[in-house]
2 protein chains.
Amino acid sequence: MQANILIVEDDTILANDIAEMITPFASSTIAHDGENGELLGKNGIFDLAILDLMLPQENGYDVLGHWRTEQHLELPILILTAKDTLTDKLRGFNLGADDYLTKPFHREELIARIKALLKRSGLLSDETLLQVADFTIDLNRRTVTYKKQSLQLNGKEFDLLVYFAQNPNVIITKERIFDRLWGFESETALTVVEVYISNLRKKLKTVTADQSIKTLRNVGYLFEVNK
Amino acid sequence: MQANILIVEDDTILANDIAEMITPFASSTIAHDGENGELLGKNGIFDLAILDLMLPQENGYDVLGHWRTEQHLELPILILTAKDTLTDKLRGFNLGADDYLTKPFHREELIARIKALLKRSGLLSDETLLQVADFTIDLNRRTVTYKKQSLQLNGKEFDLLVYFAQNPNVIITKERIFDRLWGFESETALTVVEVYISNLRKKLKTVTADQSIKTLRNVGYLFEVNK
DNA sequence: AGTTTTAAGCTTCATTTATGGTTGATCCAC
DNA sequence: GTGGATCAACCATAAATGAAGCTTAAAACT
């Protein structure tokens, strides 16, 4: 699966420019102000966010803060801004940013930094093996093995497991799963998620006894993995 | 568990300076040239490496290259160097660096970047862990432990404890609890709060004798904690 | 044929309401 | 001021409720 990047940047030209540069390895969505950016990010369907600080409606610090403290989003966040003082940088890092690049910058450096972050989360397309606990997931061949036993998963079941594997030990709401796998605009009923959870659990049960997918009623699902 | 950092830097003063600054959250080992640095890194005992590029014996690019391609070391690597051209940076990232900081730099920024990298690898205590008195509350997994004993709390009980833990030694009125957990507009009767206070107290009693939730009649509740 | 989606019945359990009991502040008679 | 009556605030338990989630199978896509 390709990485999915959120670009929060009010400079339309720059935003489109960035979007264009990352097409070879990621898809992207652009938000032109803080409020929209925060809202989009909340969906939890992005693997990385590029965040400007000086934005209309809501500044980047607030967006970052809300994401990290209210939504507990764990996606890597790269701040891209003209604010170049030490104080600004420290504030960004303290709020939970992963990287901080100041304008003006070389496009190639931005790309390199994005790739470095994606590589860490195992999301860069040349990094095809996702290893979590006893699962080995081959994102290119779309195959799964659990302790050497291979697992036969169909499309959405596979996507679901990948999403869990990319977010182990974090609660994921049913809505997030839905948005990520079906897209916000989908007409499908939200309850499909339950069906796929059920199917996936059944298949996992054929290879392991322990239920790694926990249900937290009224909250979400949790892929529990002991490191 | 403390992080263990390798500093490969020929400037003794700087190396010691860095080592000193990270002592609060990590232990460190210093190598003064590339050859020694590479050798030390090969041990695979480090959680992060800070790597200079211009080094005696063997330059940093080679060290980095060997680590990543021959040893397949996966530790995060931060390049710290005077080489500030785009070409240098790209080369560093292409060889597998995770971050690249150019000299001169602010010590605080280096620390912030190191922490950001460690946080990603789960080696820096996560701030989603809420520690109050003997309680450890994991906001991501919605789990609670009291002195190592785990506590099973359902949705609203957990939310209530979190609210208290975020406001220790402060009086909270019943109305504020209600507004926070149920929302202003809720149709529910205010007395649910009492029910949940009761339930929470009962569950807390299974792990500790002392009543930390005090009632202040006609005023509110108080989560009493001796710091 | 294989995958995705909907539908339907069923189970579970968090939430809410209801009930009766306890506490403790306030008032008043003595 | 002492003792009792009163009353509202609060506690504890339990039952009711209903929404959330599970499972299966059939329908509708591809």
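Residues numbered from 1 in each chain as written. Chains lettered and ligands numbered in written order. Predicted model: local features only at pLDDT ≥ 70, side-chain atom pairs only at ≥ 80, totals over all residues. Heavy atoms only, no water.

Under the annotation held in an unreviewed UniProt entry, chain A carries the name DNA-binding response regulator and is attributed to Loigolactobacillus backii.

Draft legend 1. Focus on the protein's contact with DNA strand D. Taken together, 19 residues form the shell around DNA strand D, and within it Lys174(A), Arg201(A), Thr215(A), Lys174(B) and Thr215(B) come nearest. Each atom of DNA strand D within 4 Å of the protein belongs either to a base or to sugar and phosphate, the latter forming 63%. A distance of 3.4 Å separates a phosphate oxygen of DNA strand D from a polar backbone atom of Asn218(A). One of the side-chain nitrogen or oxygen atoms of Arg217(B) is found 2.9 Å away from a base nitrogen of DNA strand D. (Near = heavy atom within 4 Å. Polar contact = N/O pair within 3.5 Å; in protein donor to acceptor, adjacent residues only side chain to side chain.)

Draft legend 2. Highlighting the protein's contact with DNA strand C. Surrounding DNA strand C, one finds 21 residues, the nearest of these being Trp182(A), Ala189(A), Arg217(A), Trp182(B) and Arg217(B). The protein-proximal atoms of DNA strand C, defined as those within 4 Å of the protein, are 75% sugar or phosphate. Within the contact set of DNA strand C, a phosphate oxygen lies 3.0 Å away from a side-chain nitrogen or oxygen of Asn154(A). Separating a phosphate oxygen of DNA strand C from a backbone N or O atom of Ala189(A) is a distance of 2.9 Å. Looking at the surface near DNA strand C, the elements with two or more residues in it are helix H6 (155-166) and helix H8 (192-205) of chain A together with helix H6 (155-166) and helix H8 (192-205) of chain B. Split into classes, the residues belonging to the surface near DNA strand C amount to 10 nonpolar, 7 polar and 4 charged. (Helix = DSSP H or I, 4+ residues; strand = E, 2+ residues; numbered from the N terminus. Nonpolar A, V, L, I, M, F, W, Y, C, P; charged D, E, K, R; others polar.)

Draft legend 3. A look at the pattern of salt bridges. All names here are of chain A. One pass over the full model with this rule turns up 33 salt bridges over all chains. With its nearest N and O atoms 2.9 Å apart, the salt bridge here joins Asp159 to Arg142. Remark: Arg142 occurs in the loop between strand E7 (135-138) and strand E8 (143-146) and Asp159 occurs in helix H6; sequence separation between them is 17 residues. By relative accessible area, Asp159 is classed as buried at 14%. Its relative accessible area of 36% is what places Arg142 among the partly exposed residues. (Salt bridge = Lys/Arg side-chain N within 4 Å of Asp/Glu carboxyl O. Buried < 20%, exposed > 50% of the residue type's maximum accessible area, 1.4 Å probe, protein only.)

Draft legend 4. A look at the interface of chain A and chain B. Facing 29 residues of chain A, the contacting portion of chain B comprises 27 residues. Both sides of the chain A and chain B interface together cover about 2400 Å² of buried area, and 53% of this is carbon and sulfur. Of all residues in chain A, Leu86(A), Phe93(A) and Arg120(A) bury the most surface against chain B, accounting for 24% of the area lost on that side. For the salt bridge of Asp99(B) with Arg113(A), the shortest nitrogen-to-oxygen distance reads 2.6 Å. Between chain A and chain B we count 15 residue pairs in polar contact (both at pLDDT 80 or more) in total. The element best represented in the side of chain A that touches chain B is helix H5 (residues 107-120) of chain A, accounting for 7 residues. A per-class count over the side of chain A that touches chain B returns 14 nonpolar, 4 polar and 11 charged. (Contact = heavy atoms within 4.5 Å. Buried area = accessible area lost by both parts, 1.4 Å probe.)

Draft legend 5. Expanded view of H5(A). Residues and elements named next belong to chain A. Taking 1.5 Å of rise per residue, 14 residues should cover 20 Å, and H5 covers 20 Å from first to last C-alpha, within 8% of that figure. All of the buried residues along H5 are Glu109, Leu110, Ile111, Ala112, Arg113, Ile114, Ala116, Leu117 and Leu118. In the stretch just after H5, Gly122 is the one whose phi turns positive, near 65°. (Expected span 1.5 Å × (residues − 1).)

Draft legend 6. Seen up close, the environment of Phe223(B). Here Phe223(B) shows up in strand E12 (residues 220-223). Phe223(B) gets classed as buried once you look at its relative accessible area, which sits at 0%.

Draft legend 7. The arrangement of unusual backbone geometry in detail. Cis rather than trans, the peptide bond between Lys103(A) and Pro104(A) has omega equal to -5°. The residue Pro104(A) is located in the loop between strand E5 (99-102) and H5 in this model. Within the chain, Gln57(B) stands out as a residue other than glycine whose phi angle is a positive 75°. At Lys148(B), a position not held by glycine, the phi torsion is positive, near 80°. By the element assignment, Lys148(B) lies in the loop between strand E8 (143-146) and strand E9 (149-151).

Draft legend 8. Representation of the domain arrangement of chain A. Residue and element names in this part refer to chain A. Under the domain assignment, chain A is made up of domain 1 (3-120) and domain 2 (129-223). Its C-alpha centre places domain 1 at a distance of 27 Å from the equivalent point of domain 2. Counting residues at the interface gives 10 residues for domain 1, matched by 7 residues for domain 2. Scanning the region where domain 1 abuts domain 2 turns up 1 salt bridge. (Domains from an automatic or database assignment.)

Draft legend 9. How the structure looks around the sheet that holds strand E7 (residues 135-138) of chain B. Residue and element names in this part refer to chain B. With respect to topology, 4 strands assemble into an open sheet ordered E6-E7-E8-E9, the strand pairing being antiparallel. Whereas interior strands pair on both sides, the edge strands pair on one side only; in this sheet they are strand E6 (129-132) and E9. The sheet shows a mean angle of 25° between the axes of neighbouring strands, taken without regard to direction. Sheet topology places E8 next to E9; 3 bridges connect them, and they run antiparallel. (Pairing = 2+ DSSP bridges. Axes fitted to C-alpha atoms, helices over the stretch in contact; angles between N-to-C directions.)

Draft legend 10. Fine view of the sheet that holds strand E10 (residues 171-172) of chain B. Residue and element names in this part refer to chain B. In spatial order, the strands read E10-E12-E11; together these 3 strands make up an open sheet with antiparallel pairing. Each end of this open sheet is capped by a strand with a single partner; those strands are E10 and strand E11 (213-216). Looking at chain direction, E11 and E12 are connected through 4 bridges and run antiparallel. Across the sheet, the residue bridging to Ile213 is Phe223, located in E12.

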